[in-house]
Amino acid sequence: MASSTTTCGVCEQINITKTSTIWCFECDEGLCAECKDHHSRSKGTRKHDTLPISEYQKIPRDIVKITDTCANHNEKFAFIAKSMTVFVVEVALSKTIWNENDREITEIQTKIENIKQHATDLQTFIAMKELEERISSKDQFLQSMINSENFKDSEISYNPNATMQDLANRSKNFGKLKIEKKSCNVVLTRRKDKQAQILLPHILSRSVDNIDLKLLQTINEPGDCVRGCCMLPDGKMAFSHNSRTVVRVFNLNGTKDFEVNTGTHAFDVAYISHDNTLAVTSGESNTKCITIIDIQSKQIKKKYQSILSITA
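Conventions adopted
- Residues numbered from 1 in each chain as written.
- Predicted model: local features only at pLDDT ≥ 70, side-chain atom pairs only at ≥ 80, totals over all residues.
- Heavy atoms only, no water.
- Patch = residues over 30% accessible without salt bridge, like charges linked within 9 Å, V, L, I, M, F, W, Y side chains within 5 Å.
- Areas by Shrake-Rupley, 256 points an atom, 1.4 Å probe, with all protein chains shown as cover.
- Salt bridge = Lys/Arg side-chain N within 4 Å of Asp/Glu carboxyl O.
- Buried < 20%, exposed > 50% of the residue type's maximum accessible area, 1.4 Å probe, protein only.
- Helix = DSSP H or I, 4+ residues; strand = E, 2+ residues; numbered from the N terminus.
- Lys, Arg positive; Asp, Glu negative; His and termini not counted.
- Contact = heavy atoms within 4.5 Å.
- Phe/Tyr/Trp six-rings, centres within 6.5 Å; stacked < 30°, edge-to-face > 60°.

For the chain, an unreviewed UniProt entry supplies the name B box-type domain-containing protein and the organism Mytilus edulis.

Here is the structure:
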């Protein structure tokens, strides 16, 4: 492009910076409001194709990069017939039916749609010629593969030897087939059995009367009326406080991780593994519900309320 899309290309030539309002495809530059009026009245430029700068900036980059200047002679192409663009588009579309890579076909089809929607007639003609050359090279490659030895069908036939055929006619049999059954060597190992084998050496056969209990840890939990508790998979512990309407979660070392106020009595608590949440029942609260607490966000995820009708 000759200039930035946001500044007027004509004003830049005299070191003046003005915001462009339109883009001229043939001049290949943006124009401000003042230059736009002169451009639309001038005999040499009044028939140029223009577009508001906001619409021009929405055109895909692969369309904008299509140049109307000959790379060999550094001169602009002279567009002869508009009907040629439609013909080339139809040829390119029909040739993309080949059984090639799906991504490449989608890329070509998308580019054709962008060209038909946004490009000028001259840009369409230039882009379609490039696509036609690209598709033609693919066509030649596929045709060369088809003509090669790799794509020729092979037919296998068998002609029996006369001596072997005579031997087969004179012999009553070539031996006896013996079937012997042996035990299967496949052993199924169930995960539950493997876990039992791992845990079995640690289980000591002893009576309940002679089991000695050992205090592992003491958690100082403020408050009273702790009605429920549960262990989490990571070793943390959750306690429900019925009178304080809260659920507290403690770390392995006994420190509090977080607590959530349920808004109702927290009677009992249970861990739900499939979505890593805690389910808390309301117990004797006036509002009968089950509160779901998300352990990761440490917030209430949902409440399931139930309406109980009591008849005399």
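From this point, the narrative continues.
> Explain a nonpolar patch on the surface to me, using residue names and the numbers behind them.
Residues M164, L167 and F174 make up a contiguous nonpolar surface patch of roughly 360 Å² in combined accessible area. Judged by relative accessible area, F174 falls into the exposed class, the value being 69%.

> Quick rundown of the pattern of salt bridges? Include the residues and the values.
Within this structure, the stated rule accounts for six salt bridges. Ionic pairing is found between K236 and D257, a salt bridge with its closest N-O pair at 2.8 Å. Here K236 is found in the loop between β4 (226–231) and β5 (237–241), whereas its partner D257 is found in strand β7 (residues 256–261), with 21 residues between them in sequence. Take K236: its relative accessible area is 22%, and that puts it in the partly exposed class. The partner of E259 in a salt bridge is K256, with the nearest N and O atoms 3.1 Å apart.

> Can you lay out the side chain of D294 for me, pointing to particular residues and giving the numbers?
For D294, the location among the structural elements is in strand β10 (residues 289–294). Although D294 is buried, it makes no salt bridge; K301 carries the closest opposite charge, 5.1 Å away. Excluding its chain neighbours within four sequence positions, the residues that come into contact with D294 are N276, T277, Q299 and K301.

> Would you mind going over the packing of aromatic side chains in detail, with residue names and values included?
Here the distance between the centres and the angle between the planes together describe a pair of aromatic rings. Under the definition given, this model contains three aromatic pairs. Considering the side-chain rings of W23 and Y56, the 4.4 Å spacing of their centres and the 15° angle between planes classify their relative orientation as stacked. Here Y56 lies in helix α3 (residues 53–56) and W23 lies in strand β1 (residues 22–24), a separation of 33 residues in the sequence. With a centroid separation of 5.7 Å and 75° between ring planes, the pair formed by F239 and F250 is classed as edge-to-face. In this pair, F239 sits in strand β5 while F250 sits in strand β6 (residues 246–250), placing the two residues 11 residues apart along the sequence.

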